[in-house]
Amino acid sequence: MKILLGVGGSDLSYQALTETLERVAETGDELTVAVFENEDNDADIEAVQQRIQEHIDESGLEPALRRVEGTSPGSELVNIAESEGFDRIVLGGGGRSPLGKIQLGPIVEFVLLNAQTPVTLIR
């Protein structure tokens, strides 16, 4: 399976990274980690990429790592997945509101609503 994992620097995106690396270690799936700038997160994209690399180094795997450019990371993730034949998009997100309802950030919401590729949301 060819998996595209989007990481924007939120705690949930790092959780998705950890869980996806564990899955890939078990299954041998082909993983590409797409790093994007997230307006909802104050982290510098260089710092995000460094933290991702640390997780990758600890895993012993060698997934492809790429930076998503542009003003609409959700749109870019969808385009990459469809144009490059990915089987699944994986994103971390979906925190809970004080009333217990799931809250999606704009990037996750865009991908869920627009991707023709199956999407896995890790929360």
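Here the structure is a predicted model, which means the values were calculated and not measured.

Draft legend 1. Layout of the nonpolar core. Counting residues in each nonpolar core, the largest one holds 17 residues, and the members touching the most others are Leu-5, Val-7, Leu-17, Leu-31, Val-33 and Ile-52. Secondary structure elements with two or more residues in this core: strand 1 (2-7), helix 1 (11-27), strand 2 (30-35) and helix 2 (45-59). Per element, the largest residue contribution to this core is five residues, and it comes from helix 1. Once residues lying within four places of it in the same chain are set aside, the contact partners of Leu-17 are Leu-5, Val-7, Val-33, Ile-52 and His-55. Ala-34, Ile-80, Ile-89 and Val-111 belong to the second-largest nonpolar core, a separate cluster that totals 15 residues.

Draft legend 2. Expanded view of the packing of helix 1 against helix 2. Two elements in contact, helix 1 and helix 2, have axes whose closest approach is 10 Å; the angle formed by their N-to-C orientations is 25°. On the basis of the axis angle, helix 1 is roughly parallel to helix 2. Relative to helix 2, helix 1 is oriented so that their crossing is right-handed. Touching Tyr-14, Leu-17, Thr-18 and Leu-21 of helix 1 are Val-48, Arg-51, Ile-52, His-55, Ile-56 and Ser-59, all from helix 2.

About the thresholds
- Residues numbered from 1 in each chain as written.
- Predicted model: local features only at pLDDT ≥ 70, side-chain atom pairs only at ≥ 80, totals over all residues.
- Heavy atoms only, no water.
- Core = buried A, V, L, I, M, F, W, Y, C linked by side-chain atoms within 4.5 Å.
- Buried < 20%, exposed > 50% of the residue type's maximum accessible area, 1.4 Å probe, protein only.
- Helix = DSSP H or I, 4+ residues; strand = E, 2+ residues; numbered from the N terminus.
- Contact = heavy atoms within 4.5 Å.
- Axes fitted to C-alpha atoms, helices over the stretch in contact; angles between N-to-C directions.
- Parallel < 35°, antiparallel > 145°, perpendicular 65-115°, else oblique.
- Left-handed = near helix turned anticlockwise from the far one by under 90°.

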